[in-house]
Amino acid sequence: MIVTLKAPLGLASDQGARLSAALDLTRAEGEIVALLAQGHSRQEIARMRSVSVQTVSSQLRTIFQKAGVNREAELVSIARAVIEMGSR
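Residues numbered from 1 in each chain as written. Predicted model: local features only at pLDDT ≥ 70, side-chain atom pairs only at ≥ 80, totals over all residues. Heavy atoms only, no water.

Participant: Explain the overall build of the chain to me, please; I cannot follow it from the model alone.
Facilitator: Secondary structure summary: the chain contains five helices and zero strands in total. Sorting the 88 residues of the chain into buried and exposed places 38% on the buried side. Counting only contacts in the chain whose residues sit at least 6 apart along the sequence, the fraction spanning at least 24 positions is 49%. Roughly 5,300 Å² of accessible area belongs to the chain as shown, and the carbon and sulfur atoms make up 52% of that amount. (Helix = DSSP H or I, 4+ residues; strand = E, 2+ residues; numbered from the N terminus. Buried < 20%, exposed > 50% of the residue type's maximum accessible area, 1.4 Å probe, protein only. Contact = heavy atoms within 4.5 Å. Areas by Shrake-Rupley, 256 points an atom, 1.4 Å probe, with all protein chains shown as cover.)

Participant: Sorry, what's going on with the nonpolar core here?
Facilitator: As a rule of thumb, soluble globular proteins bury nonpolar side chains together. Grouped together as the largest cluster of nonpolar side chains are 22 residues, with contacts concentrated most on Leu19, Val33, Leu36, Ile45, Leu60, Ile63 and Leu75. Of all the elements in the fold, those that place two or more residues in this core are helix H1 (10-23), helix H2 (27-37), helix H3 (42-49), helix H4 (53-67) and helix H5 (72-86). Among the elements that take part in this core, H2 stands out by supplying six residues, more than any other. (Core = buried A, V, L, I, M, F, W, Y, C linked by side-chain atoms within 4.5 Å.)

Participant: Just to check I follow, could you spell out the side chain of Gln15 for this structure?
Facilitator: Position of Gln15 relative to the elements: it lies in helix H1. Those residues in contact with Gln15, other than ones at most four positions away along the chain, are Ala34, Gln38 and Ile83.

Participant: Quick question: what am I supposed to make of the environment of Ala81 here?
Facilitator: Looking at the secondary structure, you find Ala81 in helix H5. Along the primary structure Ala81 and Leu19 are separated by 62 residues, whereas in three dimensions their C-alpha atoms are 10.0 Å apart.

Participant: Help me understand the confidence of the model for the chain in this model?
Facilitator: Keep in mind that low pLDDT regions are not for reading the predicted coordinates in detail. For the chain, per-residue confidence averages 88 on the pLDDT scale, and 83% of positions sit at 70 or higher. For the chain, the element scoring lowest by mean pLDDT is H1, at 83; H4 scores highest, at 97. (pLDDT = per-residue confidence, 0-100.)

Participant: Quick question: what am I supposed to make of the environment of Arg18 here?
Facilitator: Residue placement: Arg18 occurs in helix H1. For the pair Arg18 and Gly86, spaced 68 residues apart in sequence, the C-alpha separation works out to 7.5 Å. Residues contacting Arg18, with those up to four places away along its chain left out, are Val82, Ile83 and Gly86.

Here it is, written out as structure tokens:
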């Protein structure tokens, strides 16, 4: 069984700012990474941000390049580490 806990949406903004600074992302890109790290799917992120799934996918491609990763799992791992460091 896999259980995914999702943080309240208010945290995405705070975490997004931290991720933006750490990974040299725009504020919007940081929030997308934060939502992804919280366990939200691309479809959920698109719905929350009132954009298409294609827009989220396109933004993620840019984020992957900026973060130097090739997979979503790598990005989430880095994001969670950054978030964890900031909460200490």
